[in-house]
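Okay, here's what each chain looks like letter by letter:
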Amino acid sequence: MVNSRVNRIRLAALIAVVALSAAPVYAQIDLTGTWQRVGQNDNGASREPVDLLGMPFSPDGRAKALSYDIAALSATERQCQMYPPIYAIVGPFPLQFTMVPDPVTQKLLAWKIAGWGDRDETVIWMDGRPHPSKNAPHSHGGFTTGAWEGDTLTAVTTHAKLGDIKRHRGFSSDRATLTYRFNRHGDTLTVTGILEDPVYMAEPYALTEVYRLTTNPNNFPLTACEPIEELPSLHEDPTLVPHYLPGKHPAMNEVTEHYNIPLEAVVGGPETMYPEYRKTLKDKYVMPPPCKEGCGRPPAPGQGRGQGQGLNQQGEPPAGGRGAAPPAGRGAAPPQ
Amino acid sequence: MSRGLVVVVASMVLAFGLVRLDAQRGNPQPPRAPRAAAPIDLTGYWVSIVTQDWRWRMVTPRKGDYQGIPLTLAAAKVADAWDPAKDEAAGQQCKSYGAPALMSVPGRIHITWQDDNTLKVDADAGTQTRVLRFGAAQAAANTPRTWQGISEAQWLPARPNVPLQLRPAERTADTPPIRPTGGSLQVVTKNLRAGYLRKNGVPYSENAVMTEFWDLYKRPNGEEWLTITTQVEDPLYLRTARLVAPVFKKEADGSKWDPTPCSSTW
């Protein structure tokens, strides 16, 4: 009798175990973990302060970009401002994904991409909540909702503050919307970002970045920011606002001087990102002399890095942001 | 209770689960031709959006500029000897239009079904054609190597659109069935003729293997975007895999289609 009961219990347990193993696979795509940026494109890299190549700025966006003096970041009130959400794609650090479960039901409530030194965290709400009113406060990280479309996570961010994008080369406004597509294929994650901004962009600005799942992340954690005296001149005269007047940016011609690319392309615009724009370049572009410095050459035997200081393993300069080597212009004296 | 009963019950439950799992993953019974089974529609005209690596893609970059490419010393040696005039004279002006580079070359592509098992990708830049065959696409030993190589395609249907949960959802009998939507195209390309990853002579060898994932994004406003995650592996000329993801936007028609021949210098 006892044996029979034990056997029935065992049978029930066995059926339960097998049935559970045969249940639908609820894990759709798991993004949990740290994804190291591959960084083989120039999303965050540019040596010249004026490099708007392929960026679909409107005239207002171009004017804003060309008035920007990176010394403005040394003003006390700006030192702790963060970059806008697109910095997740153009910035130098990994994406650290965690799941946020509902505390009661344990169902997925949100995905969280951890912040790093100068980028706020991104919480992707998955519970169907709406975006706030357009008059709601804006934050550095913005407000993000997400939904699965097949195996792709689509997330939309609004309510972010104005901020500079692509290593201080231009701005997105507080009315911008960023749509992310997260496509995981094995241990590779491709993020496609489409930035739309009625203030500074004439057309959507699409960027991609590829990441690899890593167990050896090199994170730069989000920590409290404390303003310090970066430029004495700004503290001596708090009324100074570093900027450049129209047509006065001192680095306006650097890309043209270095690469022979016409200035009309350097200042961007939607037409510069389409293939037919090459026709306007054909009679104006002459290939410059061979590259001699900072060319991304492979490391010589016994050396860990390629040519040029500060290049990453792909041989490109580090993306911008505080924590990276300051680009030309940062720390320069403000205009008199 | 006999062990036989346990085995029978377990087998039934397991088989039931596998069938459900198989159905979830979108494997139809019986199998349909790839064209009919396509989880996404890639056909049409697409224009490349050049917002990244502009100065290496929109113009022929200066000699010796290798930024972003994890090339080996052997590759640098080859690239240092790049001579576009010599390539042109040798009839090798298409070396930078091979499959590992073609989707990053500014231009338009036109995707059509050649037959029920074959997608054709025409590129106006360099007037090249890629042929993506579903199913085994093994090259015979003496098959000539080509710029576009031999591409084996495979649909990767999406799994069911079930929210990720830390414990299973409560599903009642009248819950609608789960319908997977979306999916990707995976393409593996081999049998390549050696060419250039970048116009200024950064090489890939004939043993390079390219793996791509084509992901479509239909936006609520009607726009369609295509991201092609591209991984090139070449132990001779690359220290690590080359990984980029060029982006395309769909166009209404072929009115801007502009075939141009290959060029070594422009």
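Please refer to the structure placed before this passage.
Each helix and strand counted, chain A has seven helices and eleven strands in total. Here chain A holds 336 residues, and the buried ones make up 51% of them. Once local pairs closer than 6 in sequence are excluded, the contacts in chain A between residues at least 24 apart make up 62%. Counting every atom, chain A has about 15000 Å² of accessible surface; 56% of that belongs to carbon and sulfur.

Evaluation of the coordinates by the stated rule reveals 20 salt bridges over all chains. Ionic pairing is found between Arg129(A) and Asp127(A), a salt bridge with its closest N-O pair at 2.8 Å. Judged by relative accessible area, Asp127(A) falls into the partly exposed class, the value being 37%. Note that Asp116(B) and Arg35(B) form a salt bridge whose closest N and O atoms lie 4.0 Å from each other. Of this pair, Asp116(B) sits in the loop between β2 (108–115) and β3 (118–123) while Arg35(B) sits in helix α2 (residues 34–37); the two residues are 81 residues apart in sequence, bridging distant segments of the chain. Residue Asp116(B) is classed as partly exposed on the basis of its relative accessible area of 42%. One network of salt bridges, with partners in common, ties together Glu196(A), Arg219(B), Glu223(B) and Lys249(B).

A few words on the pairing of strand β10 (residues 188–196) of chain A. Residue and element names in this part refer to chain A. Burial of β10 is extensive: eight of the nine residues sit out of reach of the surface. Here strand β9 (residues 177–185) runs beside β10; their pairing, made up of nine bridges, is antiparallel. Along β10, the bridge assignment pairs Arg184 with Leu189. Once β9 ends, the chain turns through two residues before running back antiparallel as β10, passing Gly186 with a positive phi of about 60 degrees. Relative to strand β11 (residues 205–214), β10 runs antiparallel, the two sharing eight bridges. If you follow Val191 over to β11, its bridge partner there is Glu209.

Attention now goes to helix α4 (residues 73–80) of chain B. Residues and elements named next belong to chain B. Within the sequence span of α4, burial applies to Ala75, Ala76 and Ala79. Along the axis of α4, the buried residues cluster in a sector spanning 100 degrees; they form a single face. Of the surrounding secondary structure, the elements contacted by the buried residues of α4 are β8 (202–204).

So, about the side chain of Arg37(A). You can see Arg37(A) is positioned in strand β1 (residues 33–37). Among the polar contacts listed, one links the side chain of Arg37(A) to the side chain of Glu209(A), at a separation of 3.2 Å.

A word on the nonpolar core. By size, the foremost hydrophobic cluster in this structure holds 62 residues, and its most contacted members are Leu31(A), Leu95(A), Phe97(A), Trp111(A), Phe182(A), Ile261(A) and Trp54(B). By residue number, the principal contributor to this core is helix α3 (residues 87–90) of chain A, which donates four residues. In this structure, Leu95(A) is in contact with Gly33(A), Thr34(A), Trp35(A), Ala88(A), Ile113(A), Trp116(A), Val191(A) and Tyr211(A), ignoring residues within four places of it in sequence.

Next up on the list: unusual backbone geometry. A positive phi angle, close to 70 degrees, is found at Gln106(A), a residue other than glycine. Relative to the elements of secondary structure, Gln106(A) occurs in the loop between β2 (95–101) and β3 (108–113). Even without a glycine there, the phi angle at Asn191(B) is positive, about 55 degrees. Its location among the elements puts Asn191(B) in the loop between β6 (183–190) and β7 (195–198).

This part is about the side chain of Asp197(A). Residues and elements named next belong to chain A. Looking at the secondary structure, you find Asp197 in the loop between β10 and β11. Although buried, Asp197 forms no salt bridge, and the nearest oppositely charged side chain, Arg175, lies 6.5 Å from it. Here Val199 takes part through its backbone nitrogen, which lies 2.9 Å from a polar atom of the side chain of Asp197. Here the side chain of Asp197 touches Tyr200 through a polar contact of 3.5 Å, landing on its backbone nitrogen. Sequence-distant contacts of Asp197, defined by excluding residues within four places in its chain, comprise Phe171, Ser172, Ser173 and Ala176.

Read around the barrel, nine strands follow the order β1-β2-β3-β4-β5-β6-β9-β10-β11 (chain A) and close on themselves; strand pairing throughout is mixed. Shown here is a sheet whose adjacent strand axes are inclined to one another by a mean of 30 degrees, direction ignored.

What follows concerns the environment of His235(A). Residue and element names in this part refer to chain A. By the element assignment, His235 lies in helix α4 (residues 232–236). With a relative accessible area of 32%, His235 lands in the partly exposed category. Each C-alpha atom, one on His235 and one on Ala75, is 7.9 Å from the other, the two residues being 160 residues apart in sequence. Not counting residues within four places of it along the chain, the set of residues in contact with His235 comprises Thr76, Ile228, Glu229 and Glu230.

Take the packing of aromatic side chains next. Across all of its chains, the model carries 13 aromatic pairs over all chains by this definition. Consider the rings of Trp113(B) and Trp155(B), whose centres lie 6.3 Å apart with planes at 55 degrees: the pair is tilted. In this pair, Trp113(B) sits in strand β2 while Trp155(B) sits in strand β5 (residues 150–157), placing the two residues 42 residues apart along the sequence. The buried category is assigned to Trp113(B), whose relative accessible area is 16%. On the basis of an interplanar angle of 35 degrees and a centroid distance of 5.2 Å, the ring pair of Phe134(B) and Trp155(B) is categorised as tilted. Of this pair, Phe134(B) sits in strand β4 (residues 128–134) while Trp155(B) sits in strand β5, placing them 21 residues apart in sequence. Using a relative accessible area of 12% as the deciding quantity, one classes Phe134(B) as buried. The structure contains a cluster of three or more aromatic residues connected by ring pairs, namely Tyr83(A), Tyr87(A), Phe93(A) and Trp116(A). For Arg119(A), the ring lying beneath its charged end belongs to Trp116(A), and the centroid distance is 4.6 Å. Seen from the ring of Tyr259(A), Arg55(B) lies directly overhead, with NZ or CZ sitting 3.8 Å from the centre.

Let us look at the state of the cysteines. If you walk through the whole model with that rule in mind, you get three disulfides over all chains. Each sulfur of the disulfide joining Cys80(A) and Cys225(A) lies 2.0 Å from the other. Residues Cys80(A) and Cys225(A) are joined through a disulfide that is left-handed, its torsion about the S-S bond being -80 degrees. Of this pair, Cys80(A) sits in the loop between α2 (59–66) and α3 while Cys225(A) sits in the loop between β11 and α4, placing them 145 residues apart in sequence. The exposure class of Cys80(A) is partly exposed, given its relative accessible area of 27%. Note on Cys225(A): relative accessible area 44%, which makes it partly exposed. Between the sulfur atoms of Cys94(B) and its disulfide partner Cys262(B) the distance amounts to 2.0 Å. When the S-S torsion is 100 degrees, as for the bridge of Cys94(B) with Cys262(B), the disulfide is right-handed. Here Cys94(B) is found in the loop between α5 (84–89) and α6 (99–102), whereas its partner Cys262(B) is found in the segment after β12 (247–251), with 168 residues between them in sequence. Comparing Cys94(B) with Cys262(B), the two get one shared label, buried.

Cut-off values and rules
For every chain, the first residue of its written sequence is number 1, and the numbers climb from 1 along that sequence. Whichever chain is written first is A, and whichever ligand is written first is 1; the rest continue in order. Predicted model: local features are reported for residues with pLDDT of at least 70 only, side-chain atom pairs are reported and counted for 80 or more only, and whole-chain, interface and lining totals are derived from all residues. Processing note: side-chain calculations cover all non-hydrogen atoms of the structure and skip hydrogens and water entirely. Here a helix means four or more residues in a row that DSSP labels H or I, a strand means two or more in a row labelled E, and each is numbered from the N terminus. Under the scheme applied here, a residue whose accessible area is under 20% of the maximum for its type counts as buried, over 50% as exposed, and between as partly exposed, the area being computed with a 1.4 Å probe on protein chains only. Note on contacts: a residue pair is in contact if any heavy atoms of the two residues lie within 4.5 Å. With residues, only the protein chains shown are counted as cover, and all accessible areas are computed by Shrake-Rupley using a 1.4 Å probe. Salt-bridge detection follows one rule: a side-chain nitrogen of Lys or Arg within 4 Å of a carboxyl oxygen of Asp or Glu. Two strands qualify as a pair provided DSSP detects at least 2 bridges between them. The arc in question is formed by the directions pointing from the helix axis toward the C-beta atoms. Any pair of nitrogen or oxygen atoms within 3.5 Å is treated as a polar contact; in protein, a donor-acceptor pairing is required on top of that, and neighbouring residues in sequence qualify only through side-chain atoms on both sides. Buried residues of nine kinds, namely Ala, Val, Leu, Ile, Met, Phe, Trp, Tyr and Cys, make up a nonpolar core once their side-chain atoms join them within 4.5 Å. When charges are tallied, Lys and Arg are placed among the positive residues and Asp and Glu among the negative ones, while His and the ends of the chain are skipped. An axis is simply a line fitted to the C-alpha atoms; with a helix, the fit covers only the stretch in contact. Between two such axes, the angle follows the N-to-C directions and lies from 0 to 180 degrees. Two rings from Phe, Tyr or Trp (for Trp, the six-membered ring) form a pair when their centres sit within 6.5 Å of each other. Planes less than 30 degrees apart are called stacked, planes more than 60 degrees apart edge-to-face, and all others tilted. A positively charged side chain is recorded as over a ring if its NZ (Lys) or CZ (Arg) lies within 6 Å of the ring centre. The angle to the ring normal must also be within 35 degrees. In plain terms, two cysteine sulfur atoms within 2.5 Å form what is called a disulfide here.

This is a description of form; function is not addressed.
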